[in-house]
Amino acid sequence: MTIRVTIWNEYLHEKNNPEAIKIYPEGIHETLKKHLSSEKDFVIRTATLEQPEHGLTEEVLENTDVLIWWGHMAHGKVQDEVVQRVADRVRRGMGAILLHSSHASKLMKALTGCSGRLLWRENNEKQIMWNLKPFHPVTQGIGEYIIIDGEETYGEPFGIPNPDELLFISWFSGGNVFRSGWIKNIENGKLFYFQPGHETFPSYNNPQVIRVIKNAVRYLKPAGFTEHTKSIWLKEPVVE
Ligand code: ZN
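What you see is a predicted model, and the numbers here were worked out from it, not measured in a lab.

Let's shift gears to the packing of aromatic side chains. Evaluated as defined, the whole model comprises 11 aromatic pairs. Ring geometry for Trp8 against Trp69: centres 4.0 Å apart, planes inclined by 20°, an arrangement best described as stacked. Taken together, the residues span a long stretch of sequence, with Trp8 in strand S1 (residues 3–9) and Trp69 in strand S3 (residues 66–70) at a distance of 61 residues. According to the relative accessible area criterion, Trp8 is buried, its value standing at 1%.

If you look at the biggest cluster of nonpolar residues, it comprises 32 residues, and the most contacted ones within it are Ile68 and Phe192. Among the elements that make up this core, the one with the highest residue count is helix H7 (residues 207–220) (7 residues). With residues up to four places along the chain from it excluded, the contact list for Phe192 reads Ala96, Ile97, Leu98, Val138, Leu167, Gly181, Trp182, Ile183, Val212, Ala216 and Leu220.

Every protein donor of the zinc ion is listed here as His100 (NE2), Glu152 (OE) and His198 (ND1), and their distances to the metal cover 2.0 to 2.1 Å. Sequence spacing of the donors to the zinc ion: H-x51-E-x45-H. With a gap of 98 residues between them, His100 in the loop between strand S4 (95–99) and helix H6 (106–112) and His198 in the loop between strand S9 (189–194) and H7 connect regions that are remote in the sequence. Of the two residues, His100 and His198, both sit in the buried class.

Here 9 strands make up an open sheet; going across it, the order is S2-S1-S3-S4-S9-S8-S7-S5-S6 and the pairing mixed. Each having just a single partner strand, strand S2 (42–48) and strand S6 (145–155) make up the two edges of the open sheet. Averaged over all adjacent pairs, the angle separating strand axes in this sheet is 25°, with direction ignored. Taken together, the 5 bridges between S1 and S3 define a ladder with parallel strand orientation. What sits directly across from Trp8, in S3, is Trp69.

Bringing the pattern of salt bridges into the picture now. Here the structure, examined in full by the defined rule, presents 14 salt bridges. Note that Lys214 is salt-bridged to Glu39, the shortest N-O span being 3.4 Å. Linking Lys214 in helix H7 with Glu39 in the loop between helix H3 (28–36) and S2, this pair joins segments that are 175 residues apart in sequence. With relative accessibility at 14%, the residue Glu39 sits in the buried group. The structure contains a network of salt bridges with shared partners spanning Glu39, Asp41, Lys214 and Arg218.

Thresholds, definitions, all that
- Starting afresh in each chain, residues are numbered from 1 along the sequence in its written order.
- Given that this is a predicted model, residues contribute local features only at a pLDDT of at least 70 and side-chain atom pairs are listed and counted only at 80 or more, while totals for whole chains, interfaces and linings are drawn from all residues.
- Only hydrogens and water are removed before side-chain values are computed, so all heavy atoms of the structure are retained for them.
- Put simply, two rings from Phe, Tyr or Trp (the six-membered ring, in Trp's case) pair if the centres are within 6.5 Å, and we call them stacked under 30 degrees between planes, edge-to-face over 60, tilted for the rest.
- Numbering of helices and strands runs from the N terminus; a helix is a DSSP stretch of H or I covering at least four residues, while a strand is a stretch of E covering at least two.
- Think of it in three bands: with a 1.4 Å probe and only protein chains considered, a residue is buried below 20% of the maximum accessible area for its type, exposed above 50%, and partly exposed in between.
- Within this scheme, the nonpolar core is defined by two criteria: the residues are buried Ala, Val, Leu, Ile, Met, Phe, Trp, Tyr or Cys, and they are joined through side-chain atoms within 4.5 Å.
- Every residue pair with non-hydrogen atoms within 4.5 Å of one another is taken to be in contact.
- A 2.8 Å cut-off from the metal defines N, O and S donors, relaxed to 3.2 Å for Na, K and Ca; water is not in the atom list, so some sites may appear incomplete.
- Note on pairing: DSSP must find at least two bridges between two strands before they are called paired.
- Each axis is a line fitted through C-alpha atoms, and for a helix only the stretch in contact is used; angles between axes span 0 to 180 degrees, taken between their N-to-C directions.
- When a carboxyl oxygen of Asp or Glu is within 4 Å of a side-chain nitrogen of Lys or Arg, the pair counts as a salt bridge.

Here it is as structure tokens:
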């Protein structure tokens, strides 16, 4: 069984910021695609902000099992109609992996109803991401923790709903802690938020970070009832 993955990236920093271009010359989406392509059952496509409908047409979403999302400086430029379309698709079973600064995206807010606010600073701090659930499918192959030598610091309080599954808590050398990997069930679908990946740090070349994303794709894949949930979804509710 193949897993259809769509990697969405706003793709702006990696065209304008020399530091980001050096690390992700073809964009974060292409780097992720390259790493995820080692999984032979993944069928991967990419989409970016500048494409018509941001590359997330009805057809693309209906043929996506898991959507990976990276956005930062242009959250406000994502059309509300597209955000609602994606959120509806998650409610009907599609998995959504929201990376790094996507905590403040319209999609995060549409799915959780929360602000996604957090504490942050760019100070190149060391991070230790502690694995809280070593027997969970998403943490397989990770071990006790992931060490990232330099990342943007994110800290609590984090404006999110209580996670259904809290998988990682991070410590930063500046002293902060952060819920850096967690899952929330959204009706028939699942949202996985995963924090590493500031555009000027090479976190998406870290094999453990990539391992988590690959595991999450497998865990978030809908169990095969997409057509069924669609037919239910499209019916008008019966009101007596
Ligand atoms: Zn960042």
